[in-house]
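Coordinate analysis (summary)
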Amino acid sequence: MTDLVIRPMTTDDVPAAERLSAVGFLELDQRMFRRDWPDPELRPAARSGPWITRTRHIVETDPGGCWVAEYDGELVGNAVSFNREKLWCLATYVVRPGLQGQGLGKQLLDAALEHGRGALRGMISASGDPKAVRRYRLAGFSLEPQMFLKGTVDRSVLPVIEKVRDGSVGDIDLMDSIDRQTRGAAHGPDHGLMLGFWPLLVSDTSTGSGYAYLDDKGAVQLLAATNRRTAARLLWAALAATDGETFVSHLTSANEWAVDVGMAARLELHQEGYLGLRGMKPPAPYLHNGALL
Ligand SMILES: CC(C)(COP(=O)(O)OP(=O)(O)OC[C@H]1O[C@@H](n2cnc3c(N)ncnc32)[C@H](O)[C@@H]1OP(=O)(O)O)[C@@H](O)C(=O)NCCC(=O)NCCS
């Protein structure tokens, strides 16, 4: 591909990168799960808006990790990564369907990884696409299978929730400390972003501390705690906030406390994708966010 250009992403590229990502992940979904909807819908506005806000935030806070591929003047690939303290994270990575498998993804990932060369640790929440998984393993990432819980909570088993309160911007220092203990690096500016997206629950007692961001349906977007008891308390609080079918995503085998809560709540356990890790063990007690890890 002689007309191919790999260049740094700017905030102006973000809307086109979002549409490319929507097309790429819809195609992946259909390919992996053989979903053949009569009228497949691209990512709806309710999800594309937050994608754009989050990606702009990453480009603004750490532009050196964000790369796009252009072919004939059109955006055909992107890799969005960022460093937080000594941790490198990959937020999103896609190549236009039809151009995949020809080496374009490798060039994008190499550019993003170069930005993380000073990082001691790395995290990627990987789709199940065999091409993505191959790229990550060849880049030295260990692949931890991810599980997820699905179903409707049996409300008759919900425990009385104590020692959990609503959180706020005043909890950022506490959350950064919990992040350092669980994943080796604070989320720093990403807490400000997440506080704008989701309600926050905090548990802070003399024996342990933790926090969880939930979406408006009670689904956990990120959960971290200094011990399993606090983590389980926060997950029960999240499950109590659900109404109808729910999902708890991104469980690794290091987080069996979450599997046990899910079993007790009579949720189903399934598997999807991998947590790619370099220079670190699977964080625990921790349920990572797919993009902000
Ligand atoms: C993941 C992705 C960005 C990689 O981009 P790409 O341009 O396809 O990547 P490359 O061509 O550089 O590398 C793909 C590798 O998989 C190999 N490959 C191709 N088809 C394959 C298949 N069906 N199974 C396994 N490996 C395959 C390629 O040969 C290549 O390996 P090699 O360089 O050792 O020969 C792209 O495939 C994509 O957008 N997938 C859908 C979205 C997605 O899953 N993104 C990752 C989210 S975590």
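The structure under discussion appears in the preceding block.
Description of the structure in this document.

Thresholds applied
- Residues numbered from 1 in each chain as written.
- Predicted model: local features only at pLDDT ≥ 70, side-chain atom pairs only at ≥ 80, totals over all residues.
- Heavy atoms only, no water.
- Helix = DSSP H or I, 4+ residues; strand = E, 2+ residues; numbered from the N terminus.
- Rg over C-alpha atoms; globule rule 2.2 N^0.38 Å.
- Buried < 20%, exposed > 50% of the residue type's maximum accessible area, 1.4 Å probe, protein only.
- Contact = heavy atoms within 4.5 Å.
- Areas by Shrake-Rupley, 256 points an atom, 1.4 Å probe, with all protein chains shown as cover.
- Pairing = 2+ DSSP bridges.
- Axes fitted to C-alpha atoms, helices over the stretch in contact; angles between N-to-C directions.
- Parallel < 35°, antiparallel > 145°, perpendicular 65-115°, else oblique.
- Left-handed = near helix turned anticlockwise from the far one by under 90°.
- Nonpolar A, V, L, I, M, F, W, Y, C, P; charged D, E, K, R; others polar.
- Near = heavy atom within 4 Å.
- Polar contact = N/O pair within 3.5 Å; in protein donor to acceptor, adjacent residues only side chain to side chain.

This brings us to the overall build of the protein chain. Along its length, the protein chain carries 8 helices and 13 strands. Taken over the C-alpha trace, the protein chain has a radius of gyration of 19 Å; the compact-globule value for 293 residues is 19 Å, and the two agree within 12%. Along the first, second and third principal axes, the C-alpha atoms of the protein chain reach 65 × 45 × 30 Å. For the protein chain, buried positions account for 49% of its 293 residues. A separation threshold of at least 6 residues defines the contact pool for the protein chain, and within that pool the share at least 24 residues apart is 71%. Surface summary for the protein chain: the accessible area is close to 13,500 Å², and the carbon and sulfur share equals 48%.

This part is about the pairing of strand β3 (residues 74-84). Counting buried positions along β3 yields 9 of 11 residues, so the element is predominantly enclosed. Where strand β2 (residues 66-71) meets β3, 6 bridges bridge the pair, whose relative direction is antiparallel. When the bridges of β3 are listed, C66 appears paired with V80. With antiparallel pairing between neighbouring strands as the criterion, β2 and β3 make up a hairpin whose turn holds 2 residues, including D72 at a positive phi of roughly 55°. One ladder, built from 8 bridges, connects β3 with strand β4 (residues 87-95); its direction is antiparallel. Pairing of F82 across the sheet is with C89, part of β4. Hairpin connection between β3 and β4: a loop of 2 residues separates the two successive antiparallel strands, and E85 in this loop has a positive phi of roughly 50°.

What the 5 strands build is an open sheet, ordered β7-β8-β9-β10-β13; its pairing is antiparallel. Of all strands in the sheet, those bounded by a partner on one side alone are β7 (165-166) and β13 (286-287). Strands in contact with helix α5 (residues 172-183) are β8 (200-204), β9 (209-214), β10 (220-225) and β13; relative to β9, the strand with the most contacts, it is inclined by about 100°.

Cis peptide bonds are those with omega within 30 degrees of zero, and the linkage from A284 to P285 qualifies with -10°. By the element assignment, P285 lies in the loop between β12 (268-278) and β13. At E85, a position not held by glycine, the phi torsion is positive, near 50°. A positive phi is found at H250, a non-glycine position, where the angle reads about 65°. Structurally, the position occupied by H250 is in strand β11 (residues 245-251). Looking at H250, the relative accessible area reads 19%, which means it is buried.

On to the packing of helix α7 (residues 228-240) against helix α8 (residues 256-264), then. α8 packs onto α7 with a crossing angle of 40° between their chain directions and a minimal axis gap of 10 Å. By the angle class used here, α7 and α8 are oblique. Of the two elements, α7 crosses α8, and the hand of that crossing is right-handed. Contacts between α7 and α8 involve R228, A231, A232, L235, W236 and L239 from the former and W257, A258, V261 and A264 from the latter. Looking at side-chain class alone, the contact of α7 with α8 contains 9 nonpolar, no polar and 1 charged residues.

The subject of this paragraph is the site of the ligand. The full set close to the ligand counts 23 residues, and G101, K106, S127, R134 and R135 are the nearest of them. In the model, an oxygen atom of the ligand is placed 2.8 Å from a nitrogen or oxygen of the G105 main chain. In the complex, 76% of the free accessible area of the ligand, which totals 950 Å², lies under the protein chains. Counting only elements with at least two residues in the shell around the ligand, the list comes to α1 (14-33), β4, α3 (104-115), β5 (121-126) and α4 (130-138). Ranked by residues supplied to the shell around the ligand, first place goes to α4 with 7 residues. For the shell around the ligand, the per-class residue count stands at 11 nonpolar, 7 polar and 5 charged.

On their own, these measurements won't tell you what the molecule is for.
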